[in-house]
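This is what each chain is made of:
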Amino acid sequence: MTVSKLRIALAFAGLILAAASAGAQTKLSGTIQCAKPDPQSAIPVGDRSGHAFVVMKVKCTWTRPVELAGVQSKTGEDTVFSEADGAKSRDSGYDVTAMANGDQFVVRFSGTTTADKNGVVQAQTGTWSFVNGTGKLKGITGKGTYKGKGAADGSVTTEVEGEYQIAGK
């Protein structure tokens, strides 16, 4: 083998090793049920009817838990900021989820919500990404999507999908 072919072979082997050591992404999916926001505060912008900034806190339960590093999610709490414009809003916030073993993870999310004239969520879609985790979830990274639908009582059921990786695992 010539020197140039050996260099190419070594470079290729290095790429394979780097890819293998980076670790594989693991798929996740689950369903989270969130109660009616409490508290919730809306401040009208004043430029037109229905345009307001809204801040809320929401308690949630994983009805179909996600499993991360062999541990299932239990409960979550969302802190949300929305710019509402009539029946539509642009939302962003954080979810802090407690796992069955006491570990936690935090995700940041961003998306849109459409509600009916009574304020019941008709559709909610967006993206999320991990911010951090504790215990077995320390070093977690990943991202995904969510889709939700509301109920007359003000609760929202959201389907979550995505992938994750934990550094060094």
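Residues numbered from 1 in each chain as written. Predicted model: local features only at pLDDT ≥ 70, side-chain atom pairs only at ≥ 80, totals over all residues. Heavy atoms only, no water.

The next point concerns unusual backbone geometry. A cis amide bond, omega 5 degrees, links D38 with the succeeding residue P39. Tracing the chain through its elements places P39 in the loop between β1 (26–34) and β2 (40–44). Even without being glycine, A69 reaches a positive phi, approximately 50 degrees. With respect to the helices and strands, A69 occurs in the loop between β4 (67–68) and β5 (71–85). (Helix = DSSP H or I, 4+ residues; strand = E, 2+ residues; numbered from the N terminus.)

Inspection of the secondary structure assignment puts G139 in the loop between β8 (121–133) and β9 (140–150). When the C-alpha atoms of G139 and I166 are compared, they prove to be 5.3 Å apart, with 27 residues separating the residues in sequence. The residues contacting G139, other than those within four sequence positions of it, are Q165, I166 and A167. (Contact = heavy atoms within 4.5 Å.)

On inspection of all chains with the given rule, the structure shows four aromatic pairs. Between F105 and F130, the aromatic rings sit 5.4 Å apart at their centres with planes inclined by 75 degrees, giving edge-to-face as the arrangement. Separated by 25 residues along the polypeptide, F105 in strand β7 (residues 104–115) and F130 in strand β8 bring together distant segments of the chain. A relative accessible area of 4% places F105 in the buried class. (Phe/Tyr/Trp six-rings, centres within 6.5 Å; stacked < 30°, edge-to-face > 60°. Buried < 20%, exposed > 50% of the residue type's maximum accessible area, 1.4 Å probe, protein only.)

Further remarks concern the state of the cysteines. Evaluation of the coordinates by the stated rule reveals one disulfide. Disulfide pairing is shown between C34 and C60; the S-S distance is 2.1 Å. Residues C34 and C60 are joined through a disulfide that is right-handed, its torsion about the S-S bond being 105 degrees. Of this pair, C34 sits in strand β1 while C60 sits in strand β3 (residues 51–64), and the two are 26 residues apart along the sequence. For the pair shown, C34 and C60 are each scored as buried. (Disulfide = S-S within 2.5 Å.)

Counting residues in hydrophobic clusters, the biggest one holds 25 residues, and the most contacted among them are L28, L68, F105, W128 and F130. At the level of secondary structure, the elements contributing two or more residues to this core comprise β1, β3, β5, β7, β8, β9 and β10 (156–166). Per-element accounting of this core gives the leading share, five residues, to β3. (Core = buried A, V, L, I, M, F, W, Y, C linked by side-chain atoms within 4.5 Å.)

Per-residue confidence for the protein chain gives a mean pLDDT of 89; residues scoring 70 or more make up 86%. Per-residue pLDDT stays below 50 along residues 1–22; that stretch engages in two contacts with residues further than four places along the chain or on separate chains. (pLDDT = per-residue confidence, 0-100.)

This part takes up the pattern of salt bridges. With the rule as written, the count across this model stands at seven salt bridges. Salt-bridge contacts for K27 lead to E163; the nearest nitrogen and oxygen are separated by 3.6 Å. Highlighted residues: K27 in strand β1 and E163 in strand β10, separated in sequence by 136 residues. Taking the relative accessible area as the measure of exposure, E163 reaches 25% and is therefore partly exposed. As a salt-bridge pair, R48 and D85 come within 2.7 Å of each other at their nearest N and O atoms. Of this pair, R48 sits in the loop between β2 and β3 while D85 sits in strand β5, and the two are 37 residues apart along the sequence. The class of R48 is partly exposed, set by a relative accessible area of 41%. Residue class for D85 comes out partly exposed when judged on its relative accessible area of 38%. (Salt bridge = Lys/Arg side-chain N within 4 Å of Asp/Glu carboxyl O.)

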